[in-house]
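Next come the chains, spelled out residue by residue.
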Amino acid sequence: MNQTEILVKKITEGIQEKKGQKIIVADLTEIEDTICNYFVICQGNSPTQVSVIADSVRDYVREETGNKPSAIDGLRNAQWVAMDYSDVLVHIFLPEERAFYNLENLWADAKLTQLPDID
């Protein structure tokens with residue numbers, strides 16, 4: 001498992017720690033001219049949960065790997081938070097925003113892996 005794959009694993013664990021739902025990992029490594037190698041997409045049920053998931057990812061990934069996001073955007077409204085880990089972009093949505101932007105469909109050429117929700 002390479003460093004980027006470990007990062008993706010730790011990001012998803014940080015999401016699951018706060019019960020983020022409908023986690024999708026989009027593997028973009030086989031697609032040319034993409035801005036990163038992976039998208040990790042998930043959702044929370046409220047702006048508060050979206051913020052808590054983002055905090056969990058930031059803290060968990062830093063503790064487990066030493067990596068910090070180069071940017072985090074969207075925390076003010078917490079409807080769609082984007083976290084930039086260079087090779088991995090994390091998108092944490094409210095359900096309505098996720099349905100509207102439908103990132104999974106935009107990257108239909110990517111290999112999509114859905115992780116089970118943790119109760």
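For clarity, every value in this text was computed on a predicted model and none was experimentally measured.

A.B. asks: Mind showing me how you'd approach the pattern of salt bridges here?
C.D. replies: Applying the stated criterion to the full structure yields seven salt bridges. Lys-10 is the salt-bridge partner of Glu-13, the closest N and O atoms lying 3.4 Å from each other. With Glu-13 and Lys-10 both in helix α1 (residues 3–17) and three residues apart, this pair spans about one turn of that helix. Taken as a pair, Glu-13 and Lys-10 share a single burial class, namely buried. Between Arg-58 and Asp-59 there is a salt bridge, with its nearest N and O atoms 3.2 Å apart. Residues joined in a network through salt bridges with shared partners are Lys-9, Lys-10, Glu-13 and Glu-64.

About the criteria used
Residues numbered from 1 in each chain as written. Predicted model: local features only at pLDDT ≥ 70, side-chain atom pairs only at ≥ 80, totals over all residues. Heavy atoms only, no water. Salt bridge = Lys/Arg side-chain N within 4 Å of Asp/Glu carboxyl O. Helix = DSSP H or I, 4+ residues; strand = E, 2+ residues; numbered from the N terminus. Buried < 20%, exposed > 50% of the residue type's maximum accessible area, 1.4 Å probe, protein only.

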